[in-house]
Amino acid sequence: TRPLHPFDLFGIDTLLSEEERDIRDTVRAMGDRELRPHIAEWFEQGAIPARELAHKLGELGVLGMHLQGYGCTGTSAVSYGLACLELEAVDSGLRSLVSVQGSLAMYAIWKYGSEEQKRQWLPEMAAGRFIGCFGLTEPDAGSDPGAMRTQAKRQGSDWVLNGTKMWITNGSVADVAVVWARADDGVRGFLVPAGTPGFTTNDIKHKVSLRASVTSELVLEDVRLPADAMLPGARGLSGPLGCLNEARFGIVCGALGAARDCLETAIAYAADRTVFNRPLAGFQLTQQKLADMTLELGKGMLLALHLGRLKDSGQITPERISLGKLNSVREALEIARQCRTVLGANGITLEYPVIRHANNLESVLTYEGTGEVHTLVIGSALTGVPAFR
Ligand code: TGC
Ligand code: FAD
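Summarised in this report is the structure supplied together with it. None of these values were measured; they are calculated from a predicted model.

**Side note on the overall build of the protein**
Tallying secondary structure elements over the protein gives 11 helices and nine strands in all. Over its C-alpha trace the protein gives a radius of gyration of 21 Å, about what one expects of a compact globule, namely 21 Å for 389 residues. When its C-alpha atoms are laid out on the principal axes, the protein stretches across 80 × 45 × 40 Å. Look at the contacts in the protein between residues 6 or more apart in sequence, and 76% of them connect residues 24 or more apart.

In structure tokens, the structure reads:
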């Protein structure tokens, strides 16, 4: 009998509109044509042509695609999720570029910015001519962003920022950094253009995960900004955390793309590989692995689509996103590791995408709220007792 794709086994396409399938197919085709042929090399070299990629992704219309107006495409959340899935099927680093640009930097401006800030930055960012980054994490404040030390002090009508942000995706290639800092009236967001005196970046080297992504430290030493550099609509931690909801939803879908790519690779490999005079795919132990992985992938996809529909109908909550982020990343990582076993020694080389996805997913498990943080968000929702501190 003809083999079925794991998603076809679940009938996933029956849950998508024609427009959603079109968007998915367009992103997939672009990924296969322009990204996949280079990705292993970018990963190995630890370098990506970020600016060129931003232009291509802008042309594709995926930067800030779920936002309305200001040059953004204004698609549904489900379509955005499917685009994230297809990009992460190539590499988590590429999805990260898009998440940070659209869901973190652009969303912060779109949601909390003044009309002038939106007009100045969003159309250029949607087109990929400007790159943005999002500086929340600090060397000593990751899971607990409320412990941030970066300060914003008023001097006359200006603001003066001092502090260090760490692990910032797109940091050194960004034209504008959204920097969260503690002001007298709580946490505030600031737009810091690249080249502002006192603002420097240092790339983080020697990563063995997310190598096809720029990760930087941002250093702010007496960075003087005009009054209108502050995002007027955000005050308190709910500002940055509101942006994280957007990016986390993208990851709910995206991580499953990495898992799908691993599973497709493992199924094809098992069909080709002969062991003990038979195709590896014909052994019951292999089929059990493939069946279990397909189940988790399909279940994850059903949850992701459900969350997407809730987002589109205005019924998503942070706790619901935590369910999805925890599940998708945890299961994707497990699938990537299991697929690696199917490939044997070949599973440890960059000739196949599996070890690259597995390594990337270690970062995806940690950023945008670690597995532990999302577990505690769910625990808190279930019991009414926050156990973070
Ligand atoms: P807590 O006291 O619970 O809340 C403080 C204020 O924030 C509000 N809030 C939220 N608002 C919107 N969305 C959410 N998800 C929110 N969660 C909380 C809350 O209502 C409150 O508002 P208000 O008005 O009463 O002040 O905060 P807490 O200090 O106890 O922390 C809660 C916790 C641990 C869940 C939160 O701090 C957290 O999520 N920590 C994880 C940090 C994180 O995810 N950092 C990610 C940095 S960006 C990144 O990683 C990019 S990776 C690249 C890529 O995406 O590809
Ligand atoms: P910590 O908070 O120090 O946590 C260490 C361990 O302790 C984790 O296992 C954690 O789950 C656990 N832990 C923490 N609190 C608790 C608790 N209450 N109970 C039990 N266990 C707990 N940040 C940005 O702002 N912008 C970016 O663009 C960005 N990009 C990133 C890109 C990459 C490749 C990576 C790896 C990180 C990026 N981050 C970014 C940072 C990321 O969000 C943080 O790494 C993450 O929030 C965790 O913080 P931490 O690394 O300081 O770990």
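**So, helix H6 (residues 115-126)**
Here H6 contains 12 residues, and its C-alpha end-to-end distance of 16 Å stays within 8% of the 16 Å for a straight helix at 1.5 Å per residue. Residues of H6 that are buried make contact with helix H3 (50-60), helix H5 (92-112), strand S1 (132-135), strand S4 (176-183) and strand S5 (186-193). Gly128 lies just past H6 and shows a positive phi near 80°.

**Overview of the environment of Gln45**
Mapped onto the secondary structure, Gln45 falls in helix H2 (residues 18-45). Each C-alpha atom of the pair Gln45 and Ala212 lies 8.2 Å from the other, and the pair is 167 residues apart in sequence.

**Points about the packing of helix H7 (residues 238-272) against helix H8 (residues 284-312)**
Following both chains from N to C, one finds H7 and H8 inclined at 155°, their axes separated by 10 Å at the closest point. Classified by the interaxial angle, the pair formed by H7 and H8 is roughly antiparallel. Regarding H7 and H8, the two cross each other, and that crossing is left-handed. Within the contact between the two elements, H7 uses Glu246, Phe249, Val252, Cys253, Leu256, Ala259, Arg260, Leu263, Ala266, Ile267 and Ala270 and H8 uses Thr286, Leu290, Met293, Thr294, Leu297, Gly300, Met301, Ala304, Leu307, Gly308 and Lys311. A breakdown of the residues in the contact of H7 with H8 according to their chemical character gives 15 nonpolar, four polar and three charged.

**Let's talk about H7**
Taking 1.5 Å per residue, 35 residues should reach 51 Å; H7 reaches 51 Å between its end C-alpha atoms and fits that length. Remark: the principal bend of H7, roughly 30°, maps to Val252. Extensive coverage of H7 is indicated by the burial of 28 of its 35 residues.

**As for the pairing of strand S3 (residues 158-169)**
The pairing of strand S2 (residues 151-155) with S3 spans five bridges and is antiparallel. If you follow Ala152 over to S3, its bridge partner there is Leu161. The antiparallel hairpin formed by S2 and S3 contains two residues in its connecting segment, where Gly156 sits at a positive phi of about 65°. In this sheet, strand S7 (residues 215-225) lies alongside S3 in antiparallel orientation, the contact comprising eight bridges. Bridging across to S7, Ile168 finds its partner in Ser216.

Reading guide: rules and limits
- Residues numbered from 1 in each chain as written.
- Chains lettered and ligands numbered in written order.
- Predicted model: local features only at pLDDT ≥ 70, side-chain atom pairs only at ≥ 80, totals over all residues.
- Heavy atoms only, no water.
- Helix = DSSP H or I, 4+ residues; strand = E, 2+ residues; numbered from the N terminus.
- Rg over C-alpha atoms; globule rule 2.2 N^0.38 Å.
- Contact = heavy atoms within 4.5 Å.
- Expected span 1.5 Å × (residues − 1).
- Axes fitted to C-alpha atoms, helices over the stretch in contact; angles between N-to-C directions.
- Parallel < 35°, antiparallel > 145°, perpendicular 65-115°, else oblique.
- Left-handed = near helix turned anticlockwise from the far one by under 90°.
- Nonpolar A, V, L, I, M, F, W, Y, C, P; charged D, E, K, R; others polar.
- Bend = angle between axes of the 7 residues up to and from the residue.
- Buried < 20%, exposed > 50% of the residue type's maximum accessible area, 1.4 Å probe, protein only.
- Pairing = 2+ DSSP bridges.

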